[in-house]
Structures are given as C-alpha cells and as structure tokens.
Protein chains: 2
Amino acid sequence: MSDVAPAWIAVDWGTSNLRAWAIAGDGQVLAEAVSDEGMGKLSREGFEPALLRLIGPWLAGKAPVVACGMVGSRQGWCEAPYRTVPCTPLDIAGQVMAPTTDPRLRVSIAPGLKQTSPADVMRGEETQIAGALRLLPGYDGVLCLPGTHSKWVHISAGEVVSFQTFMTGEMFALLSEASVLRHGMQGEGWNDAAFDAAVSDALSRPERLGARLFSLRAEGLIAGLSPQAARARLSGLLIGTELAAAKPYWLGQRVTLIGAEKLSAAYARALELQGIEAHRLNATDCTLAGLASLFPQTEGAR
Amino acid sequence: MSDVAPAWIAVDWGTSNLRAWAIAGDGQVLAEAVSDEGMGKLSREGFEPALLRLIGPWLAGKAPVVACGMVGSRQGWCEAPYRTVPCTPLDIAGQVMAPTTDPRLRVSIAPGLKQTSPADVMRGEETQIAGALRLLPGYDGVLCLPGTHSKWVHISAGEVVSFQTFMTGEMFALLSEASVLRHGMQGEGWNDAAFDAAVSDALSRPERLGARLFSLRAEGLIAGLSPQAARARLSGLLIGTELAAAKPYWLGQRVTLIGAEKLSAAYARALELQGIEAHRLNATDCTLAGLASLFPQTEGAR
C-alpha cells in the first residue's frame with residue numbers, strides 16, 4: 001500500500017461507514033479502503049485519526065482529500081451548510097475545509113442540499129447526482145436513489161428542481177430485524193411472485209399498508225407463509241407504498257436508478273410492473289464522478 | 001403478603017411482563033404483583049419458577065391460577081391452540097392446563113383467537129373482549145384495543161365476528177426510538193394541535209405516510225420543528241393512517257376503546273375529530289372481568 005501515490009483521494013463518509021479511493025491524475029482508481037468508523041461512531045476529535053488510520057499510507061505526496069456525506073453534518077467533523085434547491089447538485093464554492101493538525105492532510109467537504117417546502121434534506125446523494133449528470137450529460141428527468149432513505153429527484157437543465165425522501169429502507173430494516181415480523185422472515189431468501197403481488201397490492205390500495213403488515217406475521221403462524229415469501233412481500237409492500245406516494249416523480253417520466261445492485265434491481269422490477277423502463281447507474285461510479293467534479297478546484301486552491 | 005388468601009389468582013402473562021392479582025371469592029382484588037419475566041425472556045422450564053417467585057406467598061390455600069396472554073403461545077409455557085372466529089371471545093373448554101411440578105399450583109391458560117381470511121391472530125385481547133362484554137352486557141358494535149398491536153373487533157350477539165390488527169404501536173416505538181427520527185423527538189412532550197393536524201392529514205391522504213415521515217426529521221433540521229410537535233405529529237400520522245384503513249370498523253358504528261389511559265385518550269381524540277364519540281373502558285378492569293368468567297369452571301374442574 002505504501003507505494004500508492006494518488007493525485008487526490010475521494011472519500012464517502014456516511015453514518016455507518018467510511019470509504020476512500022486513491023485516484024490517479026487520469027482518474028484511474030489505484031486503491032480502495034473501507035472502515036466502519038462512520039460519522040455515527042465518532043466524536044468531533046475522532047474524525048482526523050479515523051481518516052489517517054485508513055488513508056495514511058497514501059499521503060506521502062500530500063494528495064488532497066475530497067469528501068462527501070454525513071461527515072459534513074452538524075454532528076460531523078465540520079458542518080458544510082446545506083445549499084437550497086433549485087440549484088446545481090454541487091458547487092465548489094460551497095465546500096468547507098475541515099480543521100486538521102497533520103500537515104499532510106487537506107480535506108474539503110461537500111455540502112448537502114435542502115428544500116424549504118416541503119422540508120427535505122440530503123447529504124451524500126447530491127454528489128451521486130452530480131456524478132450521474134457527468135455520466136449522462138444533458139440529462140433531464142428523474143433520478144431515484146434507493147437506500148436507507150430513498151430519494152426521488154427531479155432534474156432539469158442541470159439543476160435539482162425538487163426532491164422527496166422516503167424512509168423505505170430504514171422501515172424495511174426495522175420491521176424485518178427489530179419488529180414482531182422478524183420471527184417469520186429469517187434468512188436471505190426471496191420470492192419474485194410474492195414481491196410483484198405486494199407491489200401491485202400496495203399501489204392499488206396504499207392506505208392499507210398498516211393493515212397488511214401484521215398479516216405477514218399472522219399468515220406465518222396460521223397459514224404457513226414461508227420466510228422467503230414474507231421477506232419479499234414486506235419489501236414489495238414498502239416499495240409499492242413508496243411508488244404510490246412518489247407517482248408524480250415517475251409517471252410518464254424518464255427515470256434513472258442509482259443504488260446498490262440488489263435494491264436497484266427490486267425498484268427496477270417494481271417500476272417495470274408499472275410500464276416504466278428505468279435506466280440504472282452504479283452508485284460508486286456516480287460518487288466518484290461527483291467527487292471528481294470537485295477535485296480540480298480543490299487543487300487550484302493549493 | 002403471606003396472609004393473602006385468595007379464592008383464585010388472575011394472571012396476565014405477555015411478551016414483556018407478568019402481572020398477577022390475588023382475588024377474593026367476592027371478586028375483590030386482595031393484592032397485585034408484577035415482574036418483568038415476560039414470555040419473551042423465558043425458556044419453557046422457566047415459567048413455573050417465574051410464577052412461583054411472583055405469587056408463591058399467595059399459594060397456601062392452593063388457589064387456582066387462571067392465565068391469559070402469550071404464555072399460551074407456541075413459544076410459551078404450553079400452547080393453547082387458537083379458536084377460530086366467528087366465536088365467543090372465551091370458551092372454558094378451550095383452556096389448557098399447564099404442566100406443573102409444585103403441588104400447590106394448578107394453572108389454566110386461555111386460548112387466543114384466529115381469523116382465517118384475512119389471516120389474523122390475537123392472544124390476551126380475547127380475554128379483555130370477554131371482560132368488556134361482561135361489563136357492557138348485550139354490547140353490539142366495535143371494540144378498539146390500542147396497543148403495540150392495535151386490534152379492531154366487530155362484536156355481534158356476544159361473538160367476535162371479525163377483527164383486524166395494526167402494528168401502529170410497534171411502528172411508533174421503532175420510529176421514535178430506533179430510527180433517524182429519534183434525534184428530533186427526545187422527551188415526553190406533546191402538542192395537541194400537531195396531533196390533530198397530522199390525524200386529518202393522514203386520513204385525507206393516507207397513501208402519503210412514507211413521504212411524511214422523513215419530513216419530521218427535515219423540519220427538525222431546517223425549520224425548527226420542536227420535539228413535542230414532532231412526537232405528536234408522528235403519533236397523529238400513524239393513528240390517522242390506521243383510522244383510514246380501519247374505516248369500515250368505525251364509520252357509523254358504536255365504538256368502545258380498551259387500552260392504557262394516555263393511548264386510549266389519543267385514539268378517542270382522533271375519533272372525535274371524525275365525529276365519533278367513543279366509550280372507554282379500563283384495560284385492567286376488562287382483563288380481570290374476562291379471567292373471572294373462566295374461574296367458576298376452573299373451580300368446578302377440581
């Protein structure tokens with residue numbers, strides 16, 4: 001690792017994880033590193049040591065670090081105040097320099113976005129959005145970023161016009177791991193037919209979500225519902241309910257999904273059931289392309 | 001305590017708690033005891049010792065024990081198989097005797113109820129329902145039992161005709177204590193206006209629940225939403241969404257609420273906003289009246 005000499009270092013620092021990439025001048029990824037020292041585990045003085053533990057071996061040439069994510073929140077290393085939509089997803093001038101003591105470190109943090117009404121916020125996704133717009137130049141339409149907090153984003157003329165966040169991923173995690181439903185959905189199994197039926201069901205009667213959840217438990221107890229079908233049905237109910245509320249974002253729109261492989265596949269399948277052929281981008285590709293758009297200016301500020 | 005000589009002992013043994021009452025022949029409560037040795041913490045051989053620790057001092061006269069709740073589930077002390085609705089809420093013949101080794105102990109467990117389609121189950125609430133029907137003789141209408149898993153129950157001619165379970169209480173606990181929303185709702189504060197607005201909002205557009213949840217977090221971050229208003233709004237959104245799906249149960253119906261004081265008050269308020277004047281019964285009164293309806297027969301089986 002000690003002979004890695006990047007031109008700059010890309011960092012995606014979320015609540016749970018810290019990921020870093022050593023990037024060459026031509027954009028090639030030279031090395032990658034990840035740790036579980038996410039923002040949620042660190043006090044303010046813990047950020048610099050955590051970063052040095054992960055990327056210390058790459059710092060001989062004093063490569064600048066460009067970071068995005070919850071590291072820029074009020075509880076993070078150093079607050080990078082939200083920019084307000086409508087606006088471009090990233091702006092060099094909005095970056096904030098983190099306070100550092102190690103002379104090899106120069107760390108800039110990208111700000112998130114906020115929307116005044118309806119109130120909404122994002123941190124980290126704005127960088128993926130900026131990256132997506134570099135990968136799909138001139139894109140007009142909708143971006144959907146499935147995840148713990150899924151975002152639907154309306155893009156026009158290179159700007160984020162509006163967006164909306166859904167807690168679908170966090171609800172799935174809580175219900176499948178921490179609620180009474182966990183008893184009936186052990187393992188990683190899946191059942192496409194159960195997923196499809198649940199998506200359609202939720203889309204046609206979204207107001208009945210609350211009533212449908214407990215039936216997963218009851219059918220497990222008295223009707224032999226399998227754990228695979230229960231998991232897939234829970235996912236379908238939650239994604240279908242999200243699609244019902246997000247309909248203005250996807251109905252008759254060009255839609256591109258940015259997210260983890262399996263989760264994006266589930267959203268793509270649910271959208272296909274509604275006749276929407278969604279394009280898909282890899283989330284890491286988007287993060288790196290977004291951070292790269294901030295690098296030249298970081299460099300110029302030397 | 002050792003001079004308590006009950007005619008019988010009532011036990012409500014749920015997932016989290018074990019509660020017992022020493023009852024005199026005339027129905028008077030002589031003593032009450034509670035422990036946190038709920039079903040969820042006990043292996044099969046742990047039930048008898050847990051019960052003896054709590055009610056040992058009352059057993060000199062070998063008073064019989066009549067129990068209800070999750071103690072009768074498959075993971076409990078001894079399974080009391082579900083009875084199928086439509087049926088009376090309790091039936092003496094459905095009781096199961098728990099296996100015991102202490103000669104002073106005689107423990108019968110009440111069975112729960114199941115509904116085949118849509119699949120649903122209850123354990124413990126059937127006893128409160130039986131109690132409510134003793135306290136309100138000839139009752140025809142709807143019972144609502146708010147709680148971790150709220151139940152709406154249609155009663156006619158002394159029978160449970162149908163019922164439906166909502167995970168509203170568990171969702172509130174998960175979202176307010178374990179999700180990202182917890183940051184914005186510390187404390188026990190409340191705000192009636194925020195609750196009322198959220199109930200109306202959820203009832204008129206229930207399909208938008210998923211979109212409204214994250215706005216609690218966003219408004220906390222960028223619009224100064226107070227923890228009291230956030231807590232009350234989360235409660236109002238979840239209860240309003242439940243009311244939207246449970247509408248066939250309460251619209252134009254006679255409704256009686258059975259539950260904890262504060263939670264029942266919130267449901268009563270939400271129903272009143274819809275023009276429904278709900279009657280209220282104390283949950284413990286209902287549990288004891290229901291268990292009492294099983295006592296004479298337990299006695300006769302000596």
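Note that the coordinates shown come from a computational prediction; the quantities given were computed from them, not determined experimentally.

Undergrad: Break down the overall build of chain A for me, with residues and values.
TA: The number of helices and strands found in chain A is 10 helices and 14 strands. Compactness check: chain A gives a C-alpha radius of gyration of 21 Å against a globular reference of 19 Å for 302 residues, within 12% of the reference. Within chain A, the proportion of its 302 residues that are buried is 52%. If you take every contact in chain A between residues at least 6 apart in sequence, the share linking residues at least 24 apart comes to 67%.

Undergrad: Please provide a residue-by-residue account of the environment of Leu257(A), values included.
TA: All names here are of chain A. Its location among the elements puts Leu 257 in strand 13 (residues 255-259). Taking the C-alpha atoms as reference points, Leu 257 and Phe 195, 62 residues apart in sequence, are found 19 Å from one another. Not counting chain neighbours up to four residues away, the residues in contact with Leu 257 comprise Cys 144, Pro 146, Ser 264, Tyr 267, Ala 268, Ala 278 and Arg 280.

Undergrad: Hey, could you go over the packing of helix 3 (residues 168-177) of chain B against helix 6 (residues 227-245) of chain B for me, with residue numbers and the actual values?
TA: All names here are of chain B. In contact at an axis separation of 10 Å, helix 3 and helix 6 are set at 150° when each is read in the N-to-C sense. By the angle between their axes, helix 3 is roughly antiparallel relative to helix 6. Classified by chirality, the crossing of helix 6 by helix 3 is right-handed. The residues of helix 6 that touch helix 3, namely those facing Thr 168, Met 171, Phe 172, Leu 175 and Ser 176, are Arg 231, Leu 234, Ser 235, Leu 238, Ile 239 and Glu 242. Residues that form the contact of helix 3 with helix 6 fall into these classes: 6 nonpolar, 3 polar and 2 charged.

Undergrad: Got a sec to walk through helix 9 (residues 283-292) of chain B? Specific residues and values, please.
TA: For an α-helix the count is 3.6 residues per turn, leaving residues at separations of three or four pointing the same way. Counting buried residues in helix 9 of chain B gives 7 out of 10 residues, a clear majority hidden from the surface. The complete set of buried residues in helix 9 of chain B reads Ala283(B), Cys286(B), Thr287(B), Leu288(B), Ala289(B), Gly290(B) and Leu291(B).

Undergrad: Give a description of the relation of the copies chain A and chain B that names residues and reports values.
TA: When chain A is fitted onto chain B, the two copies agree to an RMSD of 0.0 Å after a turn of 180° and an axial shift of 0.0 Å. Taken together, the rotation and translation relating the two chain copies correspond to the operation of a two-fold axis. For chain A, the smallest separation between a C-alpha atom and the rotation axis is recorded for Glu207(A), amounting to 2.4 Å. The overlap is high: 100% of the interface residues of chain A also sit at the interface in chain B, so the same surface is used on both sides.

Undergrad: Could you give me a rundown of the confidence of the model for chain A, with the residues and numbers involved?
TA: All names here are of chain A. Per-residue pLDDT for chain A averages 94, and the proportion of residues at 70 or more is 97%. Confidence drops under pLDDT 50 across residues 297-302; counting only partners more than four residues distant or on other chains, this segment forms 5 contacts. The complex model carries a pTM of 0.92, and its ipTM stands at 0.91.

Undergrad: Describe the interface of chain A and chain B, and please don't skip the residues or the numbers.
TA: Counting residues at the interface gives 35 residues for chain A and 35 residues for chain B. It is helix 5 (residues 209-222) of chain A that contributes the most residues to the side of chain A that touches chain B, 10 residues altogether. Split by residue class, the side of chain A that touches chain B holds 20 nonpolar, 8 polar and 7 charged.

Undergrad: Would you mind going over the sheet that holds strand 8 (residues 113-115) of chain B in detail, with residue names and values included?
TA: Pairing is mixed in the open sheet, where 3 strands are placed in the order 5-8-9 (chain B). The open sheet has two edge strands, strand 5 (83-84) and strand 9 (120-122) of chain B, and neither has a second partner. Inspection of the sheet shows strand 5 of chain B paired to strand 8 of chain B by 2 bridges, in the parallel sense. Within strand 8 of chain B, the position partnered with Thr84(B) by the bridge is Lys114(B). Set on the sheet, helix 5 of chain A makes contact with strand 8 and strand 9 of chain B; between it and strand 9 of chain B the angle comes to about 85°.

Basis of the calculations
Residues numbered from 1 in each chain as written. Chains lettered and ligands numbered in written order. Predicted model: local features only at pLDDT ≥ 70, side-chain atom pairs only at ≥ 80, totals over all residues. Helix = DSSP H or I, 4+ residues; strand = E, 2+ residues; numbered from the N terminus. Rg over C-alpha atoms; globule rule 2.2 N^0.38 Å. Buried ≥ 20, exposed ≤ 12 C-beta atoms within 10 Å, placed from the backbone. Contact = placed C-beta atoms within 7 Å. Axes fitted to C-alpha atoms, helices over the stretch in contact; angles between N-to-C directions. Parallel < 35°, antiparallel > 145°, perpendicular 65-115°, else oblique. Left-handed = near helix turned anticlockwise from the far one by under 90°. Nonpolar A, V, L, I, M, F, W, Y, C, P; charged D, E, K, R; others polar. Least-squares fit on C-alpha atoms with pLDDT ≥ 70 in both. pLDDT = per-residue confidence, 0-100. Pairing = 2+ DSSP bridges.

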